[in-house]
Each structure stands twice: as structure tokens, then as C-alpha cells.
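# Examination of the molecular architecture
The lines below spell out each chain.
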Amino acid sequence: MKFESPHEIFTPEKDVIHELSIVIPVYNGSGLLEKHVTPFLAFPGRQHYKTQVIIVDDGSSDRVLTQEYARKKGLVFSGFSTNKGKGAALRRGFEPANY
């Protein structure tokens, strides 16, 4: 797609399906998932994206709640039993990514 101006915003073509994997690392943040991730999940559905959202728990004490959230929302869940850091959590999320 060629832009006429640097101020134009890219809008996906309606007849093309774009594929997108989204990795969300979480550390002791299960209480924030409903407030911040749930509204975010509506965006790809309004666009022409085939999406896969991957929640990676980085050794949280509230891991079970994060895992339950992912299950209820139909998201991919992965994680560590101990904290490995944001970079390791992102790399772990890239492993099951399909897009």
C-alpha cells in the first residue's frame, strides 16, 4: 500500500485477512487483566485480523487466576513456575505463536 501523505493512517483492506499474534507478559497482574486486556481484545475483532492472543505468566503468585482468565477468554496460556523476567516471558510467548 502506497501512502500519499506521511499523515495517512494504515487501514487494513476489507477483503484481506491479516494474521496477528499478540503476546502479553503478566507478572502478579491478574487483577488488571479484566480492566486492561478485555477491552483490548475487542480491537482485532473489529478489524479484519485473524488473531491469536498469548498470555504468559512470569512466575506470579496469582498464576492460577491468570490461567483461569486466559481459559475463560479462549486465549493461549503459557508461563514459568518462577520469575524469569519480561524478555524470557516474551520469548516463551513467541514459541506457540502461529502468526
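Right above here is the structure, for reference.
Thresholds, definitions, all that
Residues numbered from 1 in each chain as written. Predicted model: local features only at pLDDT ≥ 70, side-chain atom pairs only at ≥ 80, totals over all residues. Heavy atoms only, no water. Helix = DSSP H or I, 4+ residues; strand = E, 2+ residues; numbered from the N terminus. Expected span 1.5 Å × (residues − 1). Bend = angle between axes of the 7 residues up to and from the residue. Buried < 20%, exposed > 50% of the residue type's maximum accessible area, 1.4 Å probe, protein only. Pairing = 2+ DSSP bridges. Axes fitted to C-alpha atoms, helices over the stretch in contact; angles between N-to-C directions. Contact = heavy atoms within 4.5 Å. Lys, Arg positive; Asp, Glu negative; His and termini not counted. Salt bridge = Lys/Arg side-chain N within 4 Å of Asp/Glu carboxyl O. Polar contact = N/O pair within 3.5 Å; in protein donor to acceptor, adjacent residues only side chain to side chain. Right-handed = clockwise from strand over helix to strand, strands pointing away. Parallel < 35°, antiparallel > 145°, perpendicular 65-115°, else oblique. Left-handed = near helix turned anticlockwise from the far one by under 90°.

This brings us to helix α1 (residues 30-46). With 17 residues, α1 extends 25 Å from end C-alpha to end C-alpha; this agrees with the ideal 24 Å at 1.5 Å per step. At V37, α1 shows its maximal bend, which comes to roughly 35°, and the proline P39 appears one to four places after that position. Within α1 the residues assigned to the buried category are S30, L33, V37 and P44.

Spatial ordering of the open sheet is given by β1-β2-β3, a layout of three strands whose pairing is parallel. With partners counted over all chains shown, the strands left at the sheet margins are β1 (18-26) and β3 (76-80), one partner each. Shown here is a sheet whose adjacent strand axes are inclined to one another by a mean of 20°, direction ignored. With nine bridges connecting them, β1 and strand β2 (residues 49-58) associate as parallel partners. Residue pairing in the sheet places E19 in a bridge with K50 of β2. Of the strands in this sheet, β1, β2 and β3 touch helix α2 (residues 63-73), which is tilted by about 160° from β3. The sheet contacts of helix α3 (residues 86-94) involve β1, β2 and β3, and relative to β1 the element is tilted by about 145°.

Glancing now at the side chain of D58. Among the structural elements, D58 can be located in strand β2. Buried and unpaired, D58 has K84 as its nearest opposite-charge partner, separated by 7.7 Å. Polar side-chain contacts of D58 include one of 3.0 Å to the side chain of N83. A distance of 2.8 Å separates a polar side-chain atom of D58 from the backbone nitrogen of K84. With residues up to four places along the chain from it excluded, the contact list for D58 reads V26, Y27, F80, T82, N83, K84, G85, K86 and A89.

Turning our attention to the pairing of β3. As a general feature of sheets, a regular strand has side chains that alternate between the two faces. When β2 meets β3, the two strands line up parallel, connected through five bridges. Looking at β3, one finds that V56 is bridged to S78. With respect to chirality, the unit in which β2 leads through α2 into the neighbouring parallel β3 is right-handed.

The subject of this paragraph is the packing of α1 against α2. Where α1 meets α2, the closest approach of the two axes is 10 Å, and the angle between their N-to-C directions is 25°. Judged by the inter-axis angle, α1 sits roughly parallel to α2. For the crossing formed where α1 meets α2, the hand is right-handed. On α2, the residues touching S30, L33, E34, V37, T38 and L41 of α1 are L65, T66, Y69 and K73.

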